[in-house]
Amino acid sequence: MIPVITIDGPSGSGKGTIASLLAERLGWHFLDSGALYRVLGLAAVRQGVGLDRAASLAELARALAVEFVDDRVLLAGEDVSLVIRSEQAAAAASQVAALPTVREALLGWQRRFSRPPGLVADGRDMGTVVFPDAALKVFLTASAEERARRRYKQLKEKGLDVNFDNLLAEIEERDERDRSRAVAPLRAADGALEMDTTTLSIAEVLGRVEAAVCKALARAVV
Ligand code: C5P
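Attention in this report is confined to the structure presented alongside it. (Residues numbered from 1 in each chain as written. Predicted model: local features only at pLDDT ≥ 70, side-chain atom pairs only at ≥ 80, totals over all residues. Heavy atoms only, no water.)

This paragraph deals with the overall build of the protein chain. For the protein chain, the count of helices and strands is nine helices and eight strands. A globule of 222 residues ought to have a C-alpha radius of gyration of about 17 Å, and the protein chain, at 17 Å, matches this closely. With respect to the three principal axes, the spread of C-alpha positions in the protein chain is 50 × 35 × 35 Å. The 222 residues of the protein chain split such that 49% are buried. Pairs at least 24 residues apart make up 74% of the contacts formed inside the protein chain by residues separated by at least 6 positions. When the accessible area of the protein chain is evaluated, it comes to approximately 10800 Å², of which 52% is carbon and sulfur surface. Treating the 29 positive side-chain charges of the protein chain as one cloud and the 31 negative ones as another, the clouds have centres 3 Å apart. (Helix = DSSP H or I, 4+ residues; strand = E, 2+ residues; numbered from the N terminus. Rg over C-alpha atoms; globule rule 2.2 N^0.38 Å. Buried < 20%, exposed > 50% of the residue type's maximum accessible area, 1.4 Å probe, protein only. Contact = heavy atoms within 4.5 Å. Areas by Shrake-Rupley, 256 points an atom, 1.4 Å probe, with all protein chains shown as cover. Lys, Arg positive; Asp, Glu negative; His and termini not counted. Charge placed at Lys NZ, Arg CZ, Asp CG, Glu CD.)

Let us now look at the site of the ligand. The local shell around the ligand holds 16 residues, among which Arg38, Arg103, Arg124, Arg174 and Asp178 are the closest. Between the ligand and Lys15, the relevant distance is 3.2 Å, taken from an oxygen atom to a side-chain nitrogen or oxygen of the residue. Measuring from an oxygen atom of the ligand, one finds a side-chain N or O atom of Arg124 at 2.8 Å. Relative to its unbound accessible surface of 450 Å², the ligand loses 97% to contact with the protein. Looking at the shell around the ligand, the elements that each hand over two or more residues are helix H2 (33-46), helix H4 (87-96) and helix H8 (164-180). Per element, the largest residue contribution to the shell around the ligand is four residues, and it comes from H2. Among the residues forming the shell around the ligand, the class breakdown is four nonpolar, four polar and eight charged. (Near = heavy atom within 4 Å. Polar contact = N/O pair within 3.5 Å; in protein donor to acceptor, adjacent residues only side chain to side chain. Nonpolar A, V, L, I, M, F, W, Y, C, P; charged D, E, K, R; others polar.)

Throughout the structure, instances matching the rule amount to 14 salt bridges. We note a salt bridge from Glu210 to Arg25, for which the minimum N-O separation is 3.0 Å. Here Arg25 lies in helix H1 (residues 15-26) and Glu210 lies in helix H9 (residues 202-221), a separation of 185 residues in the sequence. For Glu210, a relative accessible area of 21% translates into the label partly exposed. A salt bridge links Arg181 to Asp178; the nearest nitrogen and oxygen atoms lie 3.5 Å apart. Here the residues in one salt-bridge network are Glu87, Arg151 and Arg174, joined through shared partners. (Salt bridge = Lys/Arg side-chain N within 4 Å of Asp/Glu carboxyl O.)

Before going further, it helps to examine the sheet that holds strand E1 (residues 4-8). Sheet strands line up and pair through hydrogen bonds in the backbone, either parallel or antiparallel. Judged by pairing direction, the sheet is parallel, and its five strands sit side by side in the order E2-E6-E1-E7-E8 without closing on themselves. The two strands at the open ends of the sheet, each matched to only one other strand, are strand E2 (29-32) and strand E8 (193-196). When the angles between neighbouring strand axes are averaged without regard to direction, this sheet yields 15°. Looking at chain direction, E1 and strand E7 (residues 136-141) are connected through four bridges and run parallel. If you follow Ile7 over to E7, its bridge partner there is Val138. The strands touched by H1 within the sheet are E1, E2, strand E6 (119-123) and E7, with E6 carrying the most contacts at an inclination of about 175°. Sheet strands in contact with H2 are E2 and E6, and its direction is about 45° off that of E2. (Pairing = 2+ DSSP bridges. Axes fitted to C-alpha atoms, helices over the stretch in contact; angles between N-to-C directions.)

Turning to the packing of H2 against helix H3 (residues 54-62), a few remarks are in order. Axis separation between H2 and H3 bottoms out at 10 Å; the angle between their running directions is 120°. Every pair of crossing elements has a handedness; the one defined by H2 and H3 is right-handed. Along the contact surface, H2 presents Leu40, Ala43 and Ala44, while H3 presents Leu57, Leu60 and Ala61. Among the residues making up the contact of H2 with H3, the classes are represented as six nonpolar, no polar and no charged. (Left-handed = near helix turned anticlockwise from the far one by under 90°.)

So, in structure tokens, the structure goes:
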């Protein structure tokens, strides 16, 4: 059994930061599943495939030439790490992610990330659908304003041009789509450790998650 820890939540809840720090601390593999949907959205826009064309998008997903190399995301060898971070790419990702055929096509791809010594996976449905047997499931939330503030800071730091009010509106629209979709909607898995990070620092969240990881791993070896 390869141990898996899932960290789900809406955009800006801190899941990506916490998941990558945790993976680094544990020396485990890391899956940023959102990047996969973002790359697919980008590939679809570039190839002129409509974002509601379920069959064509599933075909594109199965043949997606995406690679994760260190901190970089490559699409057919091109570094797309920065382009996929824009809110436009996120909106395209959320549209293709609502299609069951697309999710199905990306399922095996995501599960293959589960390799020794362990995996930390972040997304929307890591605990509910992709890794239902995870040793520990975490669900992070934060107020929409705080999440928009974090995303604003992150995007500015990457040199992207952003407007706070537009970002807040886009985040709320995307969350609503992710929560209300019929397949793999954004929700906490049964038994997940739920944490509101609105007023917590990264170190505080990481500390609480690490404590839960220790307990979960101890349970797994008993
Ligand atoms: O996590 P991130 O903001 O990069 O995800 C972008 C979009 O991809 C989300 O808004 C969501 O629609 C979709 N997604 C998903 N399932 C995942 C990860 C991301 O539907 N496991």
